[in-house]
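# Overview (structure and organization)
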Amino acid sequence: MASKTIFFSFLVVSAVCLSTLAGFVAADADDFDLFQIQGSVYCDTCRVQFVTRLSKFLEGAKVKLECRSRTNGTLTLTKEAITDKSGSYKIEVTGDHEEELCELVLVQSPDSGCSDVSRDAYLRNAAKISLTANDGIVSHETRIVNPLGFMVKTPLADCPAAFKELGIVPDVIF
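Calculation criteria
Residues numbered from 1 in each chain as written. Predicted model: local features only at pLDDT ≥ 70, side-chain atom pairs only at ≥ 80, totals over all residues. Heavy atoms only, no water. Helix = DSSP H or I, 4+ residues; strand = E, 2+ residues; numbered from the N terminus. Buried < 20%, exposed > 50% of the residue type's maximum accessible area, 1.4 Å probe, protein only. Polar contact = N/O pair within 3.5 Å; in protein donor to acceptor, adjacent residues only side chain to side chain. Contact = heavy atoms within 4.5 Å.

Right, let's talk about unusual backbone geometry for a bit. Of note, the phi angle at Arg 47 is positive, near 55°, even though the residue is not glycine. By secondary structure assignment, the location of Arg 47 is in the loop between strand E1 (34-44) and strand E2 (56-57). Given a relative accessible area of 28%, Arg 47 falls into the partly exposed group. Non-glycine residue Gln 49 carries a positive phi angle of around 65°. Take Gln 49: it is sitting in the loop between E1 and E2. According to the relative accessible area criterion, Gln 49 is partly exposed, its value standing at 28%.

Following this line, the structure appears as structure tokens:
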């Protein structure tokens, strides 16, 4: 009787182990590469392309993730997100994109008075991001990117005082 119980226990344990192993074998490698991108969008009220005390975060701004092949520049992935009331957004991406260049770009501002985006290549407002588990980043599930900012057409009158507080002199003429 004891030998039947031991044999039955062995069969149950073996079945559990085999089904777990079969699940790992059947899983695609991409199933293990799930990334959550977190970022924010602000209104650059001083036209300096960084957050100041005068900046305001935008609810309802649209951003887009674009990944392109490193070899030929072909678009391989695109996803959009809209910011919440705090100006933050989240995008989930599955799969390893080690052989791609990925970045987040501004698409649309909810504020018509704060909707300018620099089109100059050297001033392009985009956040580059690594979407691979093979990059040495310890926590590979969450990627936090730099804030992206739409700009007002004319800087606020308080901008020079804000810069003076920071101890900087921007290349902006007020």
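A separate point is the side chain of Glu 66. Relative to the assigned elements, Glu 66 resides in strand E3 (residues 62-69). A distance of 3.3 Å separates a polar atom in the side chain of Glu 66 from a polar atom in the side chain of Lys 64. Beyond its immediate sequence surroundings of up to four residues, Glu 66 is in contact with Leu 75, Leu 77, Thr 78, Leu 101, Cys 102, Glu 103 and Val 105.

Honestly, it's all geometry; don't read function into it.
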